[in-house]
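This is what each chain is made of:
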Amino acid sequence: MRKKMVAGNWKMNMTPRETVELIRTLKPMVSDTDVDVVFCVPAIDIVPAVEALKDSDIGIGAENMFYEEKGAYTGEVSPNMLADAGVSYVIVGHSERRQYFNETDEIVNKKVRKAIEHELTPIICCGETLEQREQGVTLDLIKKQIVGAFMHVSPENAVKCIIAYEPIWAIGTGRVASSAQAQEVCQGIRTTIRNIYGSVIAEQIRILYGGSVNAGNAKELFTEEDIDGGLVGGASLKPEFAKIVNYKKL
Ligand code: PGA
């Protein structure tokens, strides 16, 4: 049985001070659960978030990292810096990074491999635009993104990764994919993983759905066969996040 996960993606929101306040509010609301809970926070909020979450099972994730360990890369944050700060997860290849910061499948792959090397769990994002969906190329595109992200990743490392299917047209738009649409693509992702790594790994790897997840749709989405939880943007900054984590009680 795959353990469900609900990860918040705070994006470029919350100052360090606001981070401590939000964690103080959310922590007691998401502590009594059998779901893995992760807060992916801006780089500058990592240290106060780790401090605010010590003695808790809630994991801290970064929203991005560079694939080099140190050197003349002004403004970048390295995987070893994240690991040393107490980070356990890192979002890689979010569509906003692909769109605004030119992240390619090749860069995503370098980051995935580097994260694994430093024992960070990558949350690997994939997803299609509305135009691609309308052209009927969604599954082919997602397959290409997944194959690219997992290039040269061993089976023992692949199984530790988390995949997040996030249709771009559903991110921040309030236009959620139907649970059938989300399930179809998550199943396609699992098939792609099966074709690369075999059934055992395909059955174990966790695949999240992201894109306008809220308290009203979480239960339906997360009870689909191939959806193992969610990557939540907007609703992760509000007490609503706790309802999503506790979706079984909705
Ligand atoms: P959203 O964002 O929940 O605000 O749509 C999801 C994401 O981008 O990870």
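Whatever comes next refers back to the structure up there.
Residues numbered from 1 in each chain as written. Predicted model: local features only at pLDDT ≥ 70, side-chain atom pairs only at ≥ 80, totals over all residues. Heavy atoms only, no water.

Draft legend 1. Local environment of the overall build of the protein chain. A tally of regular secondary structure across the protein chain gives 12 helices and 8 strands. Taking 250 residues into account, the globule formula puts the C-alpha radius of gyration at 18 Å, and the protein chain, at 17 Å, falls close to it. Put simply, the protein chain has 250 residues, and 52% of those count as buried. The long-range share in the protein chain, meaning contacts at least 24 apart out of those at least 6 apart in sequence, stands at 73%. Carbon and sulfur atoms provide 51% of the accessible area of the protein chain, an area that totals close to 11,700 Å². Put simply, the protein chain has 28 plus and 34 minus side-chain charges, and the middle of one group is 2 Å from the middle of the other. (Helix = DSSP H or I, 4+ residues; strand = E, 2+ residues; numbered from the N terminus. Rg over C-alpha atoms; globule rule 2.2 N^0.38 Å. Buried < 20%, exposed > 50% of the residue type's maximum accessible area, 1.4 Å probe, protein only. Contact = heavy atoms within 4.5 Å. Areas by Shrake-Rupley, 256 points an atom, 1.4 Å probe, with all protein chains shown as cover. Lys, Arg positive; Asp, Glu negative; His and termini not counted. Charge placed at Lys NZ, Arg CZ, Asp CG, Glu CD.)

Draft legend 2. Examining the pairing of strand β3 (residues 59–62) more closely. Burial along β3 is two-sided: Gly59 and Gly61 facing one way and Ile60 and Ala62 facing the other are all buried. The pairing of strand β2 (residues 36–41) with β3 spans 4 bridges and is parallel. Within β3, the position partnered with Phe39 by the bridge is Ile60. Crossover β2 to β3 through helix α2 (residues 46–52) is right-handed. Between β3 and its parallel partner strand β4 (residues 89–92), the chain crosses via helix α3 (residues 79–85), and the hand of that crossover is right-handed. (Pairing = 2+ DSSP bridges. Right-handed = clockwise from strand over helix to strand, strands pointing away.)

Draft legend 3. The arrangement of the site of the ligand in detail. Neighbouring the ligand are 13 residues, the closest being Lys11, His94, Glu166, Gly172 and Ser212. Lys11 is positioned such that a nitrogen or oxygen atom in its side chain is 2.7 Å from an oxygen atom of the ligand. Within the contact set of the ligand, an oxygen atom lies 2.7 Å away from a side-chain nitrogen or oxygen of His94. A total of 280 Å² of accessible area belongs to the ligand in isolation, and the protein chains cover 95% of it. (Near = heavy atom within 4 Å. Polar contact = N/O pair within 3.5 Å; in protein donor to acceptor, adjacent residues only side chain to side chain.)

Draft legend 4. Representation of the packing of aromatic side chains within the structure. Tallied over the entire structure, the rule returns 7 aromatic pairs. With a centroid separation of 4.9 Å and an interplanar angle of 55°, the aromatic rings of Phe66 and Tyr73 are classed as tilted. Aromatic pair Phe222 and Tyr247: ring centres 5.2 Å apart, planes at 80°, arrangement edge-to-face. One end of the pair, Phe222, is in helix α11 (residues 218–222); the other, Tyr247, is in the segment after α12 (240–245), and 25 residues separate them in sequence. Overall, Phe222 belongs to the buried group, its relative accessible area being 0%. These aromatic residues form a ring-pair network of at least three members: Trp10, Phe39 and Phe241. (Phe/Tyr/Trp six-rings, centres within 6.5 Å; stacked < 30°, edge-to-face > 60°.)

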